[in-house]
Amino acid sequence: MAALDQLISIKDLTPASVHEVLLGAKLFSKNIHSPLLSNQTIALLFFENSTRTKISFELAIKKLSGSSVYFSSSGSSMSKGETVLDTTQTIRAMGVNGFIVRHQTAGVPLSIKLSLNLPVINAGDGTHEHPTQALLDIFTLIEHFKDIKNKKILILGDTNQRVARSNIKLLKMLGAEVILCGPHTLINKNFLSLGVKIETDLDQIIGSVDAIMALRIQTERQNSMQIPNVNEFRKFWGVTASRLKSIKKDTVILHPGPTNWGVELDYEVSDDSRSLISKQVQNGLFVRMSVLSKIFNPNGFKDFLENKGKQL
Ligand code: NCD
């Protein structure tokens, strides 16, 4: 098992390491456990708001018998001018074993890794990447479909963001077909080089895809409003109650959350049996337990997979 001491981008993973993470997550989801993080203290550094990612990392560490310290920039010495690197060096001096970092600027988790040489997991950096979100999305899709090779996955809405970039890389690595759909202003044409297709007319394709991954309109990252208004967005690119009728019976719907209900998705989607949104939240815990084990206790994780994998 190759050592993994950072998860900054999907580029840090190979198909074999993805397979191990997914197998570990499957074991954790079946309540097969091991205290793989005992003696480890991990610092959670959140410079940007979060509910799902933060809580699931914290809970994952706890379930693996590790301990965590939580840092939020508000209320810290950053208001006195302390920099990100000073802050991380200070926390490192207290003896933590690694960092989980969310920051509004792309590249911050990598600079922390380069300056401290301790394991770092990227919990979302600007518009760059959010690798554990992509892993939990793919785990959820595989749990549903068994295999996602050649499945048609539609990434919908604000596709110029970190969840899209990490998902595109991971879906392509695993052989899925990826289509991006949304307004021109929210489509990153550079993603064409990753092998995606781009479509602007949702009604042309919605009936033919296997999964719809709707993404939140990230107004906090737009310099000016990149869509005329949210009602218009919903009209053209929302998964509305009426569009639900044109989706195949076995097409599933995902959203990383938080959802702008009535914009990206109509409320009806939350009651639809094809929605996997709460599964995504549940699986986030198992996938993060697996990633943490692989990074912070590679030998223990290897033994765990070998011994407990037989129980599946
Ligand atoms: C995503 C994020 O923060 O990038 N959410 C999440 O991690 N659950 C997507 C988003 O905020 O739109």
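Being a predicted model, the structure only gives us computed values, none of them experimental.

Enquirer: Looking at this structure, I do not really get the sheet that holds strand S9 (residues 211-215). What am I missing?
Expert: Adjacent strands of a sheet form backbone hydrogen bonds with each other and so pair up, either parallel or antiparallel. The 5 strands lie next to each other as S8-S7-S6-S9-S10, forming an open sheet whose pairing is parallel. At either end of the open sheet lies a strand with only one pairing partner, and these are strand S8 (197-199) and strand S10 (252-254). The average undirected angle you get between the axes of adjacent strands in this sheet is 25°. In this structure, strand S6 (residues 152-157) lies alongside strand S7 (residues 177-181), joined through 5 bridges in parallel fashion. Considered in S7, the bridge of leucine 156 is made with cysteine 181. Along the sheet, helix H5 (residues 131-145) makes contact with S6, S9 and S10, crossing S10 at roughly 165°.

Enquirer: Looking at this structure, how should I read the domain arrangement of the protein?
Expert: Domain parsing of the protein yields domain 1 (10-130 + 281-309) and domain 2 (131-277). One C-alpha centre belongs to domain 1, the other to domain 2, and the line joining them spans 26 Å. Each partner contributes to the interface: domain 1 provides 32 residues, whereas domain 2 provides 26 residues. Interface area, domain 1 with domain 2, both sides summed: about 2400 Å², of which 64% is carbon and sulfur. If you look at where domain 1 meets domain 2, you find 2 salt bridges.

Enquirer: Explain the packing of helix H2 (residues 52-63) against helix H11 (residues 277-296) to me, please; I cannot follow it from the model alone.
Expert: Angle between the axes and distance between the axes are the two parameters that describe a pair of packed helices. Between H2 and H11, the least distance of the axes is 8 Å, while the angle of their chain directions is 55°. In this view, H2 runs oblique relative to H11, as classed from their interaxial angle. For the element pair H2 and H11, the recorded crossing hand is right-handed. In this structure, H2 contributes Arg52, Thr53, Ser56, Phe57, Leu59, Ala60, Ile61 and Lys63 to the contact, and H11 contributes Val281, Gly284, Leu285, Arg288, Met289 and Leu292.

Enquirer: Just to check I follow, could you spell out helix H4 (residues 108-116) for this structure?
Expert: Think of an α-helix as 3.6 residues a turn; residues three or four steps apart then line up on the same face. Every buried residue of H4 is accounted for by Val108, Pro109, Ile112, Lys113 and Leu116. Along H4, the residues classed as buried sweep out an arc of 145° about the axis, all on the same side.

Enquirer: Just to check I follow, could you spell out the sheet that holds strand S2 (residues 41-46) for this structure?
Expert: The 5 strands lie next to each other as S1-S5-S4-S2-S3, forming an open sheet whose pairing is parallel. Of all the strands in the sheet, the pair left with one neighbour each is strand S1 (6-7) and strand S3 (67-72). Two elements, strand S4 (residues 98-103) and strand S5 (residues 120-125), share 4 bridges in a ladder whose sense is parallel. Looking at the pairing, phenylalanine 99 lines up with valine 120 of S5.

Definitions and limits used
- Residues numbered from 1 in each chain as written.
- Predicted model: local features only at pLDDT ≥ 70, side-chain atom pairs only at ≥ 80, totals over all residues.
- Heavy atoms only, no water.
- Pairing = 2+ DSSP bridges.
- Helix = DSSP H or I, 4+ residues; strand = E, 2+ residues; numbered from the N terminus.
- Axes fitted to C-alpha atoms, helices over the stretch in contact; angles between N-to-C directions.
- Contact = heavy atoms within 4.5 Å.
- Domains from an automatic or database assignment.
- Buried area = accessible area lost by both parts, 1.4 Å probe.
- Salt bridge = Lys/Arg side-chain N within 4 Å of Asp/Glu carboxyl O.
- Parallel < 35°, antiparallel > 145°, perpendicular 65-115°, else oblique.
- Left-handed = near helix turned anticlockwise from the far one by under 90°.
- Buried < 20%, exposed > 50% of the residue type's maximum accessible area, 1.4 Å probe, protein only.
- Arc of directions from axis to C-beta.

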